[in-house]
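# Descriptive analysis of the structure
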Amino acid sequence: MNRRSFLHSASALLGYGELAFLAGVKPVSAAQTQVDPKIVRFDPAIEPLVRLFEDTPRAKLLEEVGIRIKKGLGYREGLAALLLAGIRNIQPRPAVGFKFHAVLVVHSAHLVAQASPQADRWLPLLWAVDHFKESQADDVREGDWTMGAVDAKSVPAKAQAVRAFTTAMDNWDEAAADAAAAGLARHLTSEESFEIFARYAVRDFRSIGHKAIYVANAWRTLDTIGWQHSEPVLRSLAYAILAREGGDPLRGDDRVDRPARRNHGLAGRLRADWRTGRIDSGATIEMLAVLREGSDEEAADRAVDVIQRGIAPQAIWDAVMCGASEVLMRNPGIVPLHTVTTTNAIRYLYERSQSDETRRWLLLQSASFVPFLRGGARSGARVDELTALAPLTPGDQAITEIFSAVSSDKTVAARKVLGYLGRDGNAKALLDAANRLIFLKGNDSHDYKYSAAVLEDFNYLSPMWRDRYLAASVFWLNGSGSPDNVLVERARQALAG
């Protein structure tokens, strides 16, 4: 695909973004807005739109939403309704993930939308709406779970809310945690509640990091749609965090529980001024070697050692983010991909937390997670040893060349990214092109989750590591040679009609 063909395919989405193809639909009846008193009830202003998402067949929903967009539906309102529909209709069990990606991906789609041209910004949300219907159908097949109304008599008063919640979470008591989470939403601010949930988001490594991803993405989305929607979200989070597949976390000593317990002790050893220090690329390379070959315990120990030598935490984050991308580069797959998306979530929790104790612990948990999920992949390409390869074409045409190579030879594509950026290429233009290809080619929630993580973490890396991180990212990005996704075809058919 040459540059002209690439831009032509991308520009075909502009009409889709404007939703000019959508036909008229009948309005939502009064009966459709009625809510079963046994299930959780949302804000009256958002409930009808949530019901529209829930009750409209998948084959008609995008057109229904499109009509409302043309009549003035706000983006934030649509985002809120999508999140709440997923929370009410999709169970985050037996493990957080799988069908629950319809909820996990909401903020990722939003982040991709924010970074997109104005005409495209509805596209990720429309994709996520369609994905919700797929997950909703999966949930129906698995028992048709629905979030129930909270036990109002059990919701603690303001003075008891924090203690009630932490006691319930520490005891893995689902019923008590559900009521107490409602108490936090009613009585605490967003920031106060965040500090509590951040401590539980990574207390175990079950569900390959999805608990941390859910906490991070839930707060990011609440920041956009408003704290008034927090009660069902916090209740869903508590229920998800208490998923306990595997051993008994209260009585056992499962591998997924050990890093958090050990790192709590290690965190206290960091020097008092641990957040200061020098940026040291050599320390990052040293840390990368441990993430590549060592155990989760050795990675945490080395992180402590690096900090104690007067080096800034940024050197560790550079290693962790690049090390996560290297795991996926060596072994492209769904499980390795979560080294990147979970690292992104833990880094977000770390950046947002105002608790020194929590930040110390999250730093060490991030170091432990990469080797924990790395598995046996200890050989292959190294992110710090990739060599640049200059694209054959100049300027913007090089981006088209790179994404063509992504479809045929990802190693060559990664090297060309380094070559392009090394000759003053435009990283934003490269990321924008990757976003456009998500709209055209992406078929899975992981495409959005991964791209959103890369888009965000690129800006948190030290300048000396950014290009390498972005080069490694092509091992999961969509290439221009992949077939268009089903939604694009559906849009084209609608436009043709």
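Everything below is about the structure shown above.
A short tour of the structure in this document, coming up. Keep in mind that this is a model prediction, so the values were computed, not measured.

Cut-offs applied
- Residues numbered from 1 in each chain as written.
- Predicted model: local features only at pLDDT ≥ 70, side-chain atom pairs only at ≥ 80, totals over all residues.
- Heavy atoms only, no water.
- Helix = DSSP H or I, 4+ residues; strand = E, 2+ residues; numbered from the N terminus.
- Buried < 20%, exposed > 50% of the residue type's maximum accessible area, 1.4 Å probe, protein only.
- Contact = heavy atoms within 4.5 Å.
- Areas by Shrake-Rupley, 256 points an atom, 1.4 Å probe, with all protein chains shown as cover.
- 1 Å grid on protein atoms, 1.4 Å probe; cavity = no way out; pocket = protein on both sides within 12 Å on 5 of 7 lines; lining within 4 Å.
- Points joined across faces, edges and corners; volume = space filled by probe spheres on them.
- Axes fitted to C-alpha atoms, helices over the stretch in contact; angles between N-to-C directions.
- Parallel < 35°, antiparallel > 145°, perpendicular 65-115°, else oblique.
- Left-handed = near helix turned anticlockwise from the far one by under 90°.
- Nonpolar A, V, L, I, M, F, W, Y, C, P; charged D, E, K, R; others polar.
- Core = buried A, V, L, I, M, F, W, Y, C linked by side-chain atoms within 4.5 Å.
- Expected span 1.5 Å × (residues − 1).
- Phe/Tyr/Trp six-rings, centres within 6.5 Å; stacked < 30°, edge-to-face > 60°.
- Polar contact = N/O pair within 3.5 Å; in protein donor to acceptor, adjacent residues only side chain to side chain.

## Examining the overall build of the protein
From N to C terminus, the protein includes 24 helices and zero strands. Counting across all 497 residues of the protein, residues that qualify as buried make up 59%. Put simply, 82% of the contacts in the protein that link residues at least 6 apart link residues at least 24 apart. Of the roughly 19,300 Å² that the protein leaves accessible, carbon and sulfur atoms contribute 51%.

## Some remarks on empty space enclosed by the protein
Under the defined criterion, the tally for this structure stands at eight cavities of 30 Å³ or more. By volume, the largest cavity amounts to about 100 Å³. What lines the largest cavity is a set of 13 residues, among which Ser-108, Asn-217, Arg-220, Asn-344 and Lys-449 lie closest to the centre. For the lining of the largest cavity, the elements supplying multiple residues, two or more each, are α6 (106-114), α11 (210-225), α17 (334-352) and α22 (445-457).

## Details of the packing of helix α4 (residues 75-89) against helix α7 (residues 123-141)
Angle between the axes and distance between the axes: these two values describe a pair of packed helices. For the pair α4 and α7, interaxial distance at closest approach is 10 Å and the crossing angle is 15°. Classified by the angle between their axes, α4 and α7 sit roughly parallel to one another. Taken as a pair, α4 and α7 cross one another with a handedness that is left-handed. Residues Tyr-75, Gly-78, Leu-79, Leu-82, Ala-85, Gly-86 and Asn-89 of α4 form the contact with α7, whose own contacting residues are Leu-125, Ala-128, Val-129, Phe-132, Gln-136 and Asp-139. A class-by-class count of the residues in the contact of α4 with α7 yields eight nonpolar, four polar and one charged.

## Considering the nonpolar core
Counting residues in each nonpolar core, the largest one holds 161 residues, and the members touching the most others are Phe-53, Phe-165 and Leu-349. At eleven residues, helix α16 (residues 313-330) tops the list of elements feeding residues into this core. Residue contacts for Leu-349: discarding those within four places in its chain leaves Phe-194, Ala-201, Val-202, Ala-212, Val-215, Ala-216 and Leu-362.

## Regarding α4
A rise of 1.5 Å per residue sets the reference length of α4, with its 15 residues, at 21 Å; its end C-alpha atoms lie 21 Å apart and thus fit the reference within 8%. Along α4, twelve of the 15 residues are buried, which leaves the element largely enclosed by surrounding structure. Buried within α4 we find Gly-78, Leu-79, Ala-80, Ala-81, Leu-82, Leu-83, Leu-84, Ala-85, Gly-86, Ile-87, Arg-88 and Asn-89. Tucked into the core, α4 has its buried residues touching α2 (47-55), α5 (101-104), α6, α7, α11 and α12 (230-241).

## Digging into the packing of aromatic side chains
As enumerated under the stated definition, the model contains 15 aromatic pairs in all. Ring plane angle 65° and centroid distance 5.5 Å describe the contact between Tyr-75 and Trp-122, whose orientation is recorded as edge-to-face. Placement of Tyr-75 in helix α4 and of Trp-122 in the loop between α6 and α7 is noted, with a sequence separation of 47 residues between them. Taking 5.7 Å as the distance between ring centres and 75° as the angle between the ring planes, the aromatic pair formed by Phe-194 and Trp-219 counts as edge-to-face. Of this pair, Phe-194 sits in helix α10 (residues 190-201) while Trp-219 is found in helix α11, placing the two residues 25 residues apart along the sequence.

## A look at the environment of His-187
Note that His-187 resides in helix α9 (residues 174-187). Sequence spacing of His-187 and Ala-159 is 28 residues, and the spatial spacing of their C-alpha atoms is 8.8 Å. With residues near it in sequence (within four places) discarded, His-187 still touches Pro-156, Ala-157, Lys-158 and Ala-161. A distance of 3.3 Å separates a polar side-chain atom of His-187 from the backbone oxygen of Pro-156.

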